[in-house]
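Fold and contact review
Each chain is listed here by its residues.
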Amino acid sequence: MTKSAAGNGHAGNGNAALASLVRPQEGEIGREIFVDGQIYERELDAVFASSWLFVAHTSEIPSPGDYVTRDCGVDPVIVTQTEDQTFRVFLNTCRHRGMQVCRVDRGNTSHFRCPYHGWTYRNDGKLIGVPSLRQAYGTLDRDRLALTEPPHVRVLHGLIFVNWDPDAPSLEEYLGGMAWYLEILFGRTEGGMKAVGTPQRSRARMNWKLGADNFSGDGYHVAMTHRHAFDLGLFGGGTMLGHTIDVGNGHTVRIQNFPEGAPVPKHLALPPEVLESMERTLSPEQRGAIENITVMHGNVFPNFSFVDAVFTTTGDPEMPPVSFLNARLWQPAAADLTDLWSWIFVAEESPDWWEEASRVTFVRSHGLSGTFDQDDVEIWSNITEANQGPIARRQTFNYEVGVRVAEVDEAWPGPGRAYGVDYNEANQRAFYSKWLESMSGANPIREEARA
Ligand code: UNU
Ligand code: FES
Ligand code: FE
């Protein structure tokens, strides 16, 4: 960690060096931020240890004692429901010598016993068992040796978020206008959403930001990257009508519409049971925002993305079109390695046939074996590999779409700055602005807006 910023082709991690690499207002992002190990190390601390991170959905741990193991950046955590039905998060490392106290993905337990020396914790974190306590320690203050907890845990529409920064803003303040969109996605019915099955997991040789960047607003790649899927008639076509919405604080949404008046499913082809409840939970503006859409996707800064799409099909001509809601985490594992976590959600009110059709639709397109994910992951891995070298990494990526031609649609009913075209790299620029702010305390896009 001693390389200097200047002169050796490596960016180093000084603020000035970062600000010269990340110039979103000009549409220029230095490639070092996708490959440099020092920048990656700093990111884990400056971005992941101070942002609100999604860790699990309450429907994954519906009963007391249920738990799943997840990560905050690369720090392992246990997410559990305790006997008093609260959701708690613990660093998954023993207070004695750091061994993981839970080594499986999920389960139900009242206690976690460390495999090293056998310290045993209740699932509310309290240390209650120390082998040979009297002989080994005489006395031991077990109260100060509970499992470590983050200072902030908040549940919103079943989404469990964690922030490890004691001085973090509240989740509400952090999300700002993004709460309006998260309500459309996860708070659309009275029964709430539930995760279907367990998340699909895979690992790709890519930098995590390439996924978050794409999901934040890359409508531009769809026609090229995924062209064969449309050529083969696997999926219905889209249009270039829609909105790119810079929601603020680095959060982003992109919505693509069906053509006006086309004979297409309304409201994401959701079943009547869901629509009926949605009438009561969402505002007319929120329902209007998804009335005529083929796809809505976006990213909650830093690494929690979603895509809700109706333009794909089950492949069964007897089946009417349905939609799927896919949420994902781009989990950093190294500068060039990312763990992809991918969930699907349906409203509790959904009939069984709809849930199954939704799952199949997801598997065919945005699942791990789906055409869309295979296309995308190949490209993100290739980008990561092709930019490792001393020449390539000194170049920049270009994000100029919409810098000169973009009109804000003042009539957009939701929060954020909505551009009335379906593709515009404004969202990626907003993502990298927030990233730079997290890394260095300066946000070029906000500063420009103030000037
Ligand atoms: O259109 C899509 N399915 C899509 C586009 C999804 C994610 C990012 C960009
Ligand atoms: Fe976009 Fe090549 S055209 S990366
Ligand atoms: Fe894609």
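Computed from a prediction, not measured in an experiment: that's the story for all the values here.

**Some points on the overall build of the protein chain**
From N to C terminus, the protein chain includes 15 helices and 22 strands. Relative to a compact globule of 451 residues, whose C-alpha radius of gyration would be 22 Å, the protein chain shows 23 Å and is just as compact. Referenced to the eigenvectors of the C-alpha coordinate spread, the extents of the protein chain come out at roughly 80 × 60 × 40 Å. Put simply, the protein chain has 451 residues, and 54% of those count as buried. Restricting to contacts in the protein chain with at least 6 residues of sequence separation, those with at least 24 account for 65%. Surface accessibility of the protein chain: about 18,800 Å² in total, with carbon and sulfur atoms responsible for 50%.

**With respect to the sheet that holds strand 5 (residues 75-81)**
The sheet built from four strands is open, its strands ordered 6-5-4-7 with antiparallel pairing. If you trace the sheet from one side to the other, it starts and ends with strand 6 (87-91) and strand 7 (106-108), each paired once. Neighbouring strand axes in the sheet, compared pairwise and without regard to direction, differ in orientation by 30° on average. For strand 5 and strand 6, the ladder comprises five bridges, and the chain directions are antiparallel. By the bridge assignment, Gln81 is partnered in strand 6 with Phe87.

**Re the coordination of the iron ion (ligand 3)**
Coordination of the iron ion (ligand 3) by the protein involves His221 (NE2), His226 (NE2), Asp376 (OD) and Asp376 (OD), with metal-donor separations of 2.1 to 2.3 Å. The site at the iron ion (ligand 3) holds four donor atoms, and with the angles between them running 57 to 149°, its shape is irregular. Taken in chain order, the donor set of the iron ion (ligand 3) reads H-x4-H-x149-D. Residue His221 is located in the loop between helix 7 (208-217) and helix 8 (222-225), and its partner Asp376 is located in helix 13 (residues 371-386); the two are separated by 155 residues in the primary sequence.

**What to know about the site of ligand 1**
Taken together, Asn214, Phe215, Asp218, His221, Val222, Arg254, Val295, His297, Phe311 and His366 are the residues near ligand 1. The side chain of His366 places a nitrogen or oxygen atom 3.2 Å from a nitrogen atom of ligand 1. Relative to its free-state accessible area of 260 Å², ligand 1 is covered by the protein chains to the extent of 97%. Contributing elements (two or more residues each) for the shell around ligand 1: helix 7 and strand 17 (293-300). The residue makeup of the shell around ligand 1, split by class, is four nonpolar, four polar and two charged.

**Examining the pattern of salt bridges**
Working definition: two side chains of opposite charge can pair if their charged atoms are close together. Under the criterion given, the structure shown has 25 salt bridges. Residue Glu26 pairs with Arg23 through a salt bridge whose shortest N-O separation is 2.7 Å. In this structure Arg23 comes out as partly exposed when scored by relative accessible area, which is 24%. Measuring nitrogen to oxygen at the nearest pair gives 2.9 Å for the salt bridge that ties Arg328 to Asp373. Remark: Asp373 occurs in helix 13 and Arg328 occurs in strand 19 (residues 324-334); sequence separation between them is 45 residues. The exposure class assigned to Arg328 is buried, which follows from its relative accessible area of 2%. Via salt bridges that share partners, Glu32, Asp36 and Arg393 belong to a single interconnected network.

Criteria and thresholds
Residues numbered from 1 in each chain as written. Chains lettered and ligands numbered in written order. Predicted model: local features only at pLDDT ≥ 70, side-chain atom pairs only at ≥ 80, totals over all residues. Heavy atoms only, no water. Helix = DSSP H or I, 4+ residues; strand = E, 2+ residues; numbered from the N terminus. Rg over C-alpha atoms; globule rule 2.2 N^0.38 Å. Buried < 20%, exposed > 50% of the residue type's maximum accessible area, 1.4 Å probe, protein only. Contact = heavy atoms within 4.5 Å. Areas by Shrake-Rupley, 256 points an atom, 1.4 Å probe, with all protein chains shown as cover. Pairing = 2+ DSSP bridges. Axes fitted to C-alpha atoms, helices over the stretch in contact; angles between N-to-C directions. Donors = N, O, S within 2.8 Å, 3.2 Å for Na, K, Ca; no water. Tetrahedral: all angles 85-135°; square planar, octahedral: opposite > 155°, others 65-115°. Near = heavy atom within 4 Å. Polar contact = N/O pair within 3.5 Å; in protein donor to acceptor, adjacent residues only side chain to side chain. Nonpolar A, V, L, I, M, F, W, Y, C, P; charged D, E, K, R; others polar. Salt bridge = Lys/Arg side-chain N within 4 Å of Asp/Glu carboxyl O.

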